[in-house]
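Structural overview for review
Chain by chain, the residues:
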Amino acid sequence: MHVQTKLVQIGVGSDEKTGAVSIPIHHATAYRHPGLGQSTGFDYTRTANPTRAVLEQAIAEIESGDAGFATASGMAAIQTIMALFSQGDHFVVSLDLYGGTYRLFEQVLSRYGLRFSYVDVRDTEAVRAAVRPETKAIFVETPTNPLMQVTDIAAVVEIARENRLLTIVDNTFMTPYCQRPLELGADIVFHSATKYLGGHNDVLAGLIVTKGKELSEQVKYLHNSIGAVLGPQDCWLLIRGMKTLALRMERHEENAFRVARFLQEHDAVTEVFYPGLTSHPDHEVQKKQASGFSGMVSFRIRDAKLVGPFLQHLRVISFAESLGGVESLCTYPATQTHADIPVEIREKVGVCDRLIRLSVGIEYADDLIADLGYALDQAVKTGGCC
Ligand SMILES: *Cc1c(COP(=O)(O)O)cnc(C)c1O
């Protein structure tokens, strides 16, 4: 079955007793045992919950993996995955990276003796050079947040396999509707399901999918041991959101193309980053490994002085810190998502103070373009520069 069908059908028919089309929300934390040494398959909700199980089986199947795990957030997913490793282990990580991931690695996991090298993982030579005897995994975000750099997943997998490393992919920006890293050879894929999978800016969640029996068993053990699991109500909200993922992604992409082309033509804008544009340096790689381009567009405004007035004059698009929901959001990475990355590193990577990130929603495209046009024009008029 196509991913679109799998998404819509999540949970349908799984409540055999009632035939409920929408999976019930099982709030119970404890389950009666039929007898000594017997179980219904559910004992205690941290270990397994019937609503969560439907979500976990669905995401495993949709991502072509062997097991799925729903976590309290995207960060909880990363923390659970990283618990596979031990003191002294080393990782090769995408240089352009979600700020929260960088913070977890550098401020928290470094205290547990994990070590990270940040390299442009699009450069296979740089990846090879960064691998050390104690390296355990390559951790890839593609496309990256916020610069939309695209990594050839299969090329990274090849290096990982040569060196007996795991490949871990953050698939938040693409979703399994557009890209399925496990099919390209990755071992673990995860999501901030708060973003496109949830899709309505109303549920915080993470999802992990593993490939292989042993790895799946290990993550299952950690998921239960650490306990950063997703509550049943949020599992239900996430399932509800995921059913319309295909439709939403189509419209996100359609609108993102319109917005990207509009921004390219505007003289207050110096660069536009969208992997769907043929002018994007990684366009061909993206086309090869994914079936779409998603709805994230970043751009550089001509002068940092224009940023404040631009944000102030947006009326439809909200200046807010997230992405992937039906509502369009605009983020300023320098002070929001990437504020915890030291300024020298941030500037080196290209997340400068002229960079603005748009999560293009599913509103009527002309309204978004009019909103951006008005805000840019007003910014130029009142920004006191150029
Ligand atoms: C938001 C995000 C995360 C963190 O997920 P939360 O659900 O906010 O904990 C990780 N990776 C990427 C790419 C993100 O956008």
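Above: the structure in question.
Here the residue index of a chain counts from 1 through its sequence in written order. It should be noted that, the model being predicted, local features are given only for residues of pLDDT at least 70 and side-chain atom pairs only at 80 or more, the latter also being counted only at that level, while totals for whole chains, interfaces and linings use all residues. Excluding hydrogens and water, the side-chain figures rest on all heavy atoms present in the structure.

The next thing to look at is the pairing of strand E12 (residues 355-359). For a regular strand, side chains alternate in direction, first toward one face of the sheet and then toward the other. Burial analysis of E12 places five of its five residues in the buried class, the great majority of the element. Side chains Leu355, Arg357 and Ser359 project from E12 onto one buried face, and the interleaved Ile356 and Leu358 project onto a second face that is buried too. Pairing between strands requires that DSSP locate at least two bridges from one strand to the other. Numbered from the N terminus, helices here are DSSP runs of H or I no shorter than four residues, and strands are runs of E no shorter than two. Pairing between strand E9 (residues 296-301) and E12: five bridges, direction antiparallel. Opposite Ser298, over in E12, you have Arg357 as the bridge partner. Of the strand pairs in this sheet, strand E11 (residues 329-331) and E12 are connected by three bridges, and their pairing is antiparallel. Directly across from Leu329, in E12, lies its bridge partner Ser359. Relative accessible area decides the class of each residue, using a 1.4 Å probe on protein chains only: under 20% of the type maximum gives buried, over 50% gives exposed, and in between gives partly exposed.

Within 6.5 Å between ring centres, the rings of Phe, Tyr and Trp (the latter by its six-membered ring) count as paired, and their orientation is classed by plane angle as stacked under 30 degrees, edge-to-face over 60, tilted in between. The full count for this structure, using the stated rule, is 11 aromatic pairs. Taking the centre distance of 5.2 Å and the plane angle of 50° together, the rings of Tyr102 and Tyr118 count as tilted. With Tyr102 in helix H4 (residues 99-108) and Tyr118 in strand E3 (residues 115-119), this residue pair connects regions lying 16 residues apart in the sequence. Note on Tyr102: relative accessible area 10%, which makes it buried. In this structure an aromatic cluster arises from ring pairing among Phe85, Phe91, Phe105, Phe116, Phe139 and Phe190. Above the ring of Tyr98, the side-chain terminus of Lys195 is found at 5.2 Å from the ring centroid. The positively charged end of Arg315 is found above the aromatic ring belonging to Tyr374, 3.9 Å away from the centroid. Distance and angle both matter: a charge sits over a ring if NZ of Lys or CZ of Arg is within 6 Å of the ring centre and within 35 degrees of the ring normal.

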